[in-house]
Amino acid sequence: MSDFKGVLMGMGNPLLDISAEVGQEMLDKYELKLDSAILAEEKHLPIYKELIDEHNAGFIAGGATQNSIRVAQWMLKASGMENATAFMGCVGDDEYAKNLEDCASKDGVLTHYMKDESTPTGTCAVLVKDGERSLCANLAAANNFKKSHLETDVAKAIYSSAQFYYIAGFFLTVSVESLELIAQHALAEKKTFCLNLSAPFIIDFFGDAVATAIPYADYLFCNESEAEAYAKKHDLGEDLKEVALKVAAMPKKDESRPRTVIFTQGSSSTIVAYNGTVTEYAVDPLAKDLLVDTNGAGDAFVGGFLSELVQGKDVEGCVKAGHWSAKYIIQQPGTTIDEACAYKA
């Protein structure tokens, strides 16, 4: 049994980021675009070895949900809340999995990985050019998470203790039934369920899974490109403030708790819609010369937001923390949090 007494649980795709600075020719070679995230096809598979062999790639613990949970724990520790978070996902039985586990536990996150001995741990190529990034994920073992893992005693102890749950939309390609189990538990126990749409391809190609998940969402996150993709698919118009209000008003399993919708827009204002009202929160811009890598900015925003949400802070306080953590992370390579968190609410 787990002795987890934390408040926040994430479930998603644990990936080891293989990150390197590249030129335009490398992006062109693999038909990749900056500021995009895709799943690897056959033609992309040589990219991981090429980044390591020819571009001096670094290895960084990744996977959207795991990144958010790591950042949330980093910020919670600064508020005196250690061991407050846990994460579940599927990895292989290999060195990459050990790297991920070591990194998460160093950051204070309890991991309860499902281990697939027949499949390698998932990886994500992170191609960085002029501070912008292109992501190409080979899910491998991450794609093999099963609902049965949630029936283990340790998993039950973790999700029973948690009061807040966060799952990125990338997991909708893996195990919708696992998401539903956690979402239904949150619903039954009046706990808080948070969801991220994660990428336009999730909206475009996994629409049924998205439609299954959204009614459970108490908090729904996405960036402007995902918001635009969702609006286009569902004919919600082009004004993102109106789109946010419409998404917030969509049917919800627990109608007694209105949905909060959060659209981030990079250095432009963050849009929050709740209960028929939309509010914009300005972002404190970062000087261009301080920008290292936008990879993980959205994940870090969610981590900061959740770190305040689980402490009972209002939305303004949550957004402020999210802006701070995102600004911090884009000054690091990937989601790197090696020094103590200096955030003051």
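Look a little higher up for the structure.
Our subject in this report is the structure included herewith. (Residues numbered from 1 in each chain as written. Predicted model: local features only at pLDDT ≥ 70, side-chain atom pairs only at ≥ 80, totals over all residues. Heavy atoms only, no water.)

### A closer look at the sheet that holds strand β11 (residues 164-168)
Next, step 1: Pairing in this open sheet of 9 strands is mixed, and the strands run β7-β5-β1-β11-β12-β13-β14-β15-β16 from one edge to the other. Each edge of the open sheet is held by one strand with a lone partner, namely β7 (109-111) and β16 (277-281). Across the sheet, the mean angle separating the axes of adjacent strands is 20° when strand polarity is ignored.
Next, step 2: Across 5 bridges, the pairing between β11 and strand β12 (residues 192-196) is parallel. Considered in β12, the bridge of Y166 is made with C194.
Next, step 3: Together, β1 (8-11), β5 (85-88), β7 and β11 form the strand contacts of helix α5 (residues 153-161), whose direction differs from that of β5 by roughly 135°.
Next, step 4: In this fold helix α11 (residues 297-309) packs onto β1, β11, β12, β13 (219-223), β14 (260-265) and β15 (268-274), with an angle of close to 160° to the strand it touches most, β13. (Pairing = 2+ DSSP bridges. Helix = DSSP H or I, 4+ residues; strand = E, 2+ residues; numbered from the N terminus. Axes fitted to C-alpha atoms, helices over the stretch in contact; angles between N-to-C directions. Contact = heavy atoms within 4.5 Å.)

### Focus: helix α2 (residues 47-54)
Next, step 1: Those residues of α2 that fall on the buried side of the exposure criterion are I47, Y48, E50 and L51. Down the axis of α2, the buried set is contained in an arc of 165°. They therefore lie on one face.
Next, step 2: On the buried face of α2, the contacting elements are β2 (15-21), α1 (24-29), β9 (122-129) and β10 (132-138).
Next, step 3: In the stretch just after α2, N56 is the one whose phi turns positive, near 50°. (Buried < 20%, exposed > 50% of the residue type's maximum accessible area, 1.4 Å probe, protein only. Arc of directions from axis to C-beta.)

### A word on the sheet that holds strand β4 (residues 58-62)
Next, step 1: The strand order β3-β10-β9-β2-β4 describes an open sheet built from 5 strands, whose pairing is mixed. With one partner strand each, in any of the chains shown, β3 (36-39) and β4 form the two edges of the open sheet. For this sheet, the mean inter-axis angle between neighbouring strands, taken without regard to orientation, is 25°.
Next, step 2: As judged from the 7 bridges shared by β2 and β9, these two strands associate in the parallel manner. In the sheet register, L16 faces β9, and the bridge partner there is T123.
Next, step 3: Sitting on the sheet, helix α4 (residues 95-106) touches β2, β4 and β9, and the angle it makes with β2 is about 95°.

### Re the packing of aromatic side chains
Any two aromatic rings considered together are summarised by their centre-to-centre distance and by the angle between their planes.
Next, step 1: Inspection of every chain in the model, using the stated rule, returns 14 aromatic pairs.
Next, step 2: Pairwise contacts between aromatic rings join Y166, Y219, F221, F301 and F305 into one cluster. (Phe/Tyr/Trp six-rings, centres within 6.5 Å; stacked < 30°, edge-to-face > 60°.)

### Observations concerning the environment of T279
Next, step 1: As for its placement among the helices and strands, T279 is situated in strand β16.
Next, step 2: Overall, the relative accessible area of 31% leaves T279 in the partly exposed class.
Next, step 3: Each C-alpha atom, one on T279 and one on N196, is 19 Å from the other, the two residues being 83 residues apart in sequence.
Next, step 4: Those residues in contact with T279 that sit more than four places away from it in its chain are T270, I271 and V272.

### Focus: the nonpolar core
Next, step 1: M9, M11, F145, L150, I182, F193 and F263 are the most contacted members of the largest nonpolar core, which has 64 residues in total.
Next, step 2: The contacts of I182, once residues within four sequence positions are left out, are M9, M11, L150, Y159, Y165 and F193.
Next, step 3: Formed by 35 residues, the second largest nonpolar core is a distinct cluster that contains L16, F164, V302 and F305. (Core = buried A, V, L, I, M, F, W, Y, C linked by side-chain atoms within 4.5 Å.)

### Quick look at unusual backbone geometry
Next, step 1: In this model, K190 sits at a positive phi of 55°, which is unusual for a non-glycine residue.
Next, step 2: Position of K190 among the secondary structure elements: in the loop between α6 (176-188) and β12.
Next, step 3: For S198, which is not glycine, the phi dihedral falls at a positive 75°.
Next, step 4: In this structure, S198 sits in the loop between β12 and α7 (200-205).

### A short note on the side chain of T121
Next, step 1: Within the secondary structure layout, T121 lies in the loop between β8 (114-116) and β9.
Next, step 2: Within polar-contact distance, the side chain of T121 engages the side chain of D94 at 2.6 Å.
Next, step 3: Looking at T121, its side chain comes within polar contact range of the main-chain nitrogen of A97, at 3.5 Å.
Next, step 4: Apart from residues no more than four positions distant in its own chain, T121 is found in contact with V91, G92, D94, Y96, A97, L100, A140 and A141. (Polar contact = N/O pair within 3.5 Å; in protein donor to acceptor, adjacent residues only side chain to side chain.)

Function cannot be read off these values alone, since they describe shape.
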